[in-house]
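Take a look at the letters that make up each chain.
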Amino acid sequence: LGHTFAMLSVKTDLALQLFQMEAYPQVEKELKEIHQISKDSMNEVRTIVENLKSRTLASELETVKKMLEIAGIEVQVENQLDKASLTQDVESTAAMILLELATNIIKHAKASKVYLKLERTEKELVLTVRDDGCGFTSIKGDDLHTVQDRVLPFSGEVKVISQKQPTEVQVRLPYKERK
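Reference entry: report on the structure contained in this document. Quick caveat, the model's predicted, so the values are computed rather than measured.

### Here's the deal with the overall build of the protein chain
- Within the protein chain one finds five helices and five strands.
- The order of α-helices and β-strands along the protein chain, N terminus first, is α-α-α-β-α-β-β-α-β-β.
- The C-alpha atoms of the protein chain give 22 Å as radius of gyration, which overshoots the globular expectation for 179 residues (16 Å, by more than 25%).
- The C-alpha extent of the protein chain, read off along each of the three principal axes, is 70 × 45 × 30 Å.
- Taking all 179 residues of the protein chain together, 37% fall into the buried category.
- Long-range pairs, those at least 24 residues apart, make up 70% of the contacts in the protein chain between residues at least 6 apart in sequence.
- With the model as given, the accessible surface of the protein chain reaches about 11,100 Å², and the carbon-plus-sulfur share is 54%.
- Once the 25 positive and 28 negative side-chain charges of the protein chain are each reduced to a mean point, those two points are 3 Å apart.

Laid out in structure tokens, this is it:
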């Protein structure tokens, strides 16, 4: 997308220069290209968004498990979730949060074991991620900010239950049942 926006910017500048020179046929050509690039990009963005929406928690859990195992981390999963009742947005958000937390463990934790627990209470989806890595030396405001941003629209909660030995993060996402 960055490349596309840069290209649109350059083509717009060129069209403006051509317009000032009163080279109208070239201006028309540039504007038609800008229009086509915009339409193509919009379709591409729609496709990307649709693919993101279709992420299921079950498939993302498998992906996360494989990622962690490839990184040499032993994984234990306790999935007590009946996902059939979750709305698409809660399921998709939970999937992205799970991926984010696993990526953080791979990048920063130096862990050898990870425990993932997915459960459902009467009103919320609870995701617990625990590892035996180096943990947080201290918790700063921007730690886990991506996860915090994802739970915000749901009035959810991100809690660091334990900073180290083990490091444990719990995410709670309130949900409305799918009808």
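Having seen it, we continue.
### Some details on the environment of Gly72
- Looking at the element boundaries, Gly72 is found in the loop between helix H3 (57-70) and strand E1 (74-79).
- Judged by its relative accessible area of 57%, Gly72 falls in the exposed class.
- Residues Gly72 and Asn43 lie 29 residues apart in sequence; the distance between their C-alpha atoms is 39 Å.

### Comments concerning the side chain of Thr128
- Relative to the assigned elements, Thr128 resides in strand E3 (residues 124-131).
- Given a relative accessible area of 4%, Thr128 falls into the buried group.
- Within the structure, the side chain of Thr128 is placed 3.4 Å from the side chain of Gln170, a separation counted as a polar contact.
- Apart from the residues lying within four places of it in its own chain, the contact partners of Thr128 are Tyr115, Leu116, Lys117, Glu168, Val169 and Gln170.

### Overview of unusual backbone geometry
- Between Gln165 and the following residue, Pro166, the backbone shows a cis peptide bond with an omega angle of -10 degrees.
- For Pro166, the location among the structural elements is in the loop between strand E4 (157-162) and strand E5 (167-174).

### Thoughts on the pairing of E4
- Two strands pair when backbone bridges link them, and E4 and E5 are joined in this way by five bridges, in the antiparallel orientation. Looking at E5, one finds that Lys159 is bridged to Gln170.
- In this structure, the hairpin formed by E4 and E5 is closed by a connection of four residues, where Gln165 is found at a positive phi of approximately 45 degrees.

Calculation notes
Every chain begins its residue count from 1, and numbering advances along the sequence as written. For this predicted model, a pLDDT threshold of at least 70 governs which residues receive local features, and a threshold of 80 or more governs which side-chain atom pairs are given and counted, while totals over whole chains, interfaces and linings are taken from all residues. Hydrogens and water are ignored here; the side-chain numbers use all heavy atoms of the structure. Put simply, DSSP H or I for four residues or longer makes a helix, DSSP E for two residues or longer makes a strand, and each gets a number counted from the N terminus. For the radius of gyration, the atoms used are the C-alpha atoms, and the globule rule reads 2.2 Å times the number of residues raised to 0.38. Exposure classes here rest on a 1.4 Å probe applied to the protein chains alone. A residue is buried below 20% of its type maximum, exposed above 50%, and partly exposed in between. In what follows, residue pairs with any heavy atoms lying within 4.5 Å of each other are defined as contacts. Note that accessible areas follow from Shrake-Rupley with a 1.4 Å probe, and for residues the cover is restricted to the protein chains shown. A residue counts as positive if it is Lys or Arg and as negative if it is Asp or Glu; His and the chain ends are not included. Charged side chains are reduced to one point each, which is NZ for Lys, CZ for Arg, CG for Asp and CD for Glu. Any pair of N or O atoms that falls within 3.5 Å is considered a polar contact. Within protein, one atom must be able to donate a hydrogen and the other to accept it, and sequence-neighbouring residues count only if both atoms are side-chain atoms. Strands are labelled as partners when DSSP assigns at least two bridges between them.

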